[in-house]
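A closer look at the structure
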Amino acid sequence: MVKIQDMPESDMKALLLKQDFGHLGVARDNRPYVVPMLYAYDHESLFFFTTLGTKTEYLDQNHEVCLQVEAIEDKENWQSVMVTGTAEHLTDEADIAIAMELITKRNPHLTPALNLTQVDAWGRASVVAVYRIRPRLIDGRRTVEGEK
């Protein structure tokens, strides 16, 4: 059996800084919805952007979110951090600019998508929405090296 332990806060924050991909959990009307999400972390808040759609509809009704981030070497060597907090839709241009600078610096391959206007399957133009998650709780677990 693999032994699992709590992660120190410094290690949890280090994992959030190192990684740029997680799974965002949102809910509305007692229905959960989890999606893969690229993000950026600045030691205080997490930022992500998306296009208007199901995620943003859920977030409009319930701002409470959970972002799960992991680093997996194999089944016996992994780390996982869960951030629970409130997602805030950024509307101030200065806040959006700061968030997008962090996001594109962390995920430079996203930049070209910002320059294209795309239309989804229903004929709607993609509109970008930028969010900040202010963590209320950061909790992490990892396997204990060399112990089973």
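None of these values were measured; they are calculated from a predicted model. (Residues numbered from 1 in each chain as written. Predicted model: local features only at pLDDT ≥ 70, side-chain atom pairs only at ≥ 80, totals over all residues. Heavy atoms only, no water.)

Here we take up the environment of Ser 80. Following the sequence through the fold, Ser 80 ends up in strand 7 (residues 77-89). Distance from Ser 80 to Glu 70, taken between C-alpha atoms, is 4.3 Å for residues 10 residues apart in sequence. Of note is the side chain of Ser 80, whose polar atom sits 3.0 Å from the side chain of Gln 68. (Helix = DSSP H or I, 4+ residues; strand = E, 2+ residues; numbered from the N terminus. Polar contact = N/O pair within 3.5 Å; in protein donor to acceptor, adjacent residues only side chain to side chain.)

Attention now moves to helix 1 (residues 9-18). Within the sequence span of helix 1, burial applies to Met 12, Leu 15 and Leu 16. Axial view of helix 1: buried residues confined to an arc of 100°, hence all on one face. Seen from the buried face of helix 1, the exposed residues on the opposite side, beyond 90 degrees, are Ser 10 and Lys 18. Elements that come into contact with the buried residues of helix 1 comprise strand 4 (40-41), strand 5 (46-51), strand 6 (64-74), strand 7 and strand 8 (128-143). (Buried < 20%, exposed > 50% of the residue type's maximum accessible area, 1.4 Å probe, protein only. Arc of directions from axis to C-beta. Contact = heavy atoms within 4.5 Å.)

Another point: the environment of Tyr 33. Looking at the element boundaries, Tyr 33 is found in strand 3 (residues 31-38). Overall, Tyr 33 belongs to the partly exposed group, its relative accessible area being 27%. In this structure, the C-alpha to C-alpha distance between Tyr 33 and His 23, residues 10 residues apart in sequence, is 10.0 Å.

It is worth spelling out the pairing of strand 3 at this point. Bridging between strand 2 (residues 21-28) and strand 3 involves 8 bridges; their strand directions are antiparallel. Counterpart to Ala 27 in the pairing with strand 3 is Pro 32. (Pairing = 2+ DSSP bridges.)

The subject of this paragraph is the environment of Gly 22. For Gly 22, the location among the structural elements is in strand 2. What makes Gly 22 buried here is its relative accessible area of 2%. Through-space distance from the C-alpha of Gly 22 to that of Gln 68 is 5.4 Å; in sequence the pair is 46 residues apart. Each residue touching Gly 22, except ones within four places of it in the same chain, is listed here: Val 35, Pro 36, Met 37, Tyr 39, Leu 67, Gln 68 and Val 69.

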